[in-house]
Amino acid sequence: MRGTLKYKLSKKIKEHRPRTKRLLKEFGDVQVDSVTVSQVLGGMRGIKSLVTDISYLDPEEGIRYRGFTLQEVIDHLPKPKGAEMPFVEGLFYLLLTGDFPNEEEVMQVVEQFNKRRIVPRYVYDVIDSFPTSSHPMAIFSTAILTLNRESEFNREYQAGLKKKDYWEPTYEDALNLLAKLPEIAAYIYNKLYRKGEKIQSNPNLDMGADFANMMGIDKPYDDVSRLHFIIHSDHESGNVSAHTGHLVASSLSDIYLSISAMINGLAGPLHGLANQEVLRWLQAVMEKMDNKLPTEEEMQKFVWDTLNSGQVIPGFGHAVLRKTDPRYMLQREFSKKHLPDDPIFKYADLLYKVVPPILQEHGKAKNPWPNVDAQSGVIQWHYGVTEYDFYTVLFGIGRAIGICANIIWDRALGYPLERPKSVTTDMLEKMVGIKD
Ligand code: CMX
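Under an unreviewed UniProt entry, the protein has the name citrate synthase (unknown stereospecificity) and belongs to Ancylomarina salipaludis. UniProt lists a comment for the protein under the heading Pathway (unreviewed entry), and it reads "Carbohydrate metabolism; tricarboxylic acid cycle; isocitrate from oxaloacetate: step 1/2." In its Sequence similarities (unreviewed entry) section, the UniProt entry covering the protein states "Belongs to the citrate synthase family."

Structure (structure tokens):
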């Protein structure tokens, strides 16, 4: 066990526990935030009421994982030979421990993932039983849920597991699940869009490369996958998918139940589904333009038409960010390098120029800048994944990595059942003095 990720994690957990304990014991009554009526009625925007050390989202700067910007993460994580993007398995190590793994440490995690990647037959049967008209996110969520019978946490909990040890079988469940997600996703893709043609996984490959292999797409799709999974993995705890994962896990539901639930939250068009909506929107523009790139004025008209019909511009705006999303910028840099002449990239880039001033003039969105979803589908499309319904599944594989890391730490630090308090409209009216 010494020298393994689990060993290192157990040390980190032991070191961290007294910090949480002390805060609770000595400073439990210190006020962190106050809450306004607009926050209560407005989706709890900005209320500081969750804690995670895995990532932090600064409104002006964007996400940092364990204190590191995405560029630093990409620069410092070990990379497979010849690859431009790092091992996704190394990111899991970083999220869990706060330290960059060396080559040997990352290869241990790659080996752990490879050992656990075989998907039980009954999961394929469940996937196969879905009509091909089903949305891939519904299938993905169900496939994950189906694995719940494998949960080591459940088995040990039934046998009388001590609270301080909850994190250990949760860690095992997390690895068991994460290792299977690429194969489950690729199987769904091949069932829905490739007449069920299945490509076997290759145990000699890392997660990104094996996913590219199972999708049947050549290089640099392995790097596209690594980049995609890494930048989508975590965005602190308040977004719908992260919060759902944390909330469900707080009732001691196992990883499978929790990650399936978080996938359902991700599947909404205001959250992860926006990446498919961007492509759908762009396709409609391309059709109307007979595949010619619109002029700036023509594109402005498409954007205004969408806004005037009461719809949002997908891929723009954010609940926390107030600047261009660094996840967008990284993907834009990748696109400029690898697909500068791609017509969809040109369309998306024109949107980058046209949409922010329009949203500013429109005067509603607090953040007129593009988010991660404005660019991710463009890259997928370029490499042949044109079935945009599938894009949120790719987001889901990445996001599962961050949420699993969070749930393991939630259990390690003994965070309790989540249970905020609600009020009635009557009560709010009395509080503000407009009703007796
Ligand atoms: N197009 C048009 N209107 C927008 C907008 C956009 N891209 N972004 C925000 N607005 C509108 C909101 O709908 C809201 O209108 P109402 O007052 O009529 O309800 C108003 O501007 C204020 O919203 P906000 O405070 O700026 O943003 P929210 O925190 O309420 O919502 C988000 C954030 C992301 C849901 C919103 O910006 C949006 O709908 N964007 C488009 C969908 C999208 O790209 N989602 C993906 C986000 C990233 C991710 O989670 O994957």
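1. Some remarks on the sheet that holds strand β1 (residues 55–58)
On the basis of which strands lie adjacent, the open sheet formed by 3 strands has the order β1-β2-β3 and antiparallel pairing. Edge positions in the open sheet fall to β1 and β3 (68–69), since each of these has one partner strand only.

2. Considerations on unusual backbone geometry
Cis geometry is found at the peptide bond from Lys219 to Pro220, where omega equals 5 degrees. Phi at Asn291 takes a positive value of approximately 70 degrees, unusual for a residue other than glycine. Examined against the element boundaries, Asn291 turns out to sit in the loop between α14 (274–288) and α15 (296–308).

3. Focus: the packing of helix α18 (residues 373–382) against helix α19 (residues 391–412)
Between α18 and α19, the least distance of the axes is 10 Å, while the angle of their chain directions is 110 degrees. On the basis of their axis angle, the class for α18 and α19 is roughly perpendicular. By crossing handedness, the relation of α18 to α19 is classed as right-handed. Taking contact as the criterion, the partners of Asp373, Gly377, Gln380 and Trp381 in α18 are, on α19, Tyr391, Leu394 and Phe395. Taken together, the residues that form the contact of α18 with α19 break down as 4 nonpolar, 2 polar and 1 charged.

Criteria and cut-off values
Residues numbered from 1 in each chain as written. Predicted model: local features only at pLDDT ≥ 70, side-chain atom pairs only at ≥ 80, totals over all residues. Heavy atoms only, no water. UniProt positions renumbered as here; feature names shortened; annotations may be inferred. Pairing = 2+ DSSP bridges. Helix = DSSP H or I, 4+ residues; strand = E, 2+ residues; numbered from the N terminus. Axes fitted to C-alpha atoms, helices over the stretch in contact; angles between N-to-C directions. Parallel < 35°, antiparallel > 145°, perpendicular 65-115°, else oblique. Left-handed = near helix turned anticlockwise from the far one by under 90°. Contact = heavy atoms within 4.5 Å. Nonpolar A, V, L, I, M, F, W, Y, C, P; charged D, E, K, R; others polar.

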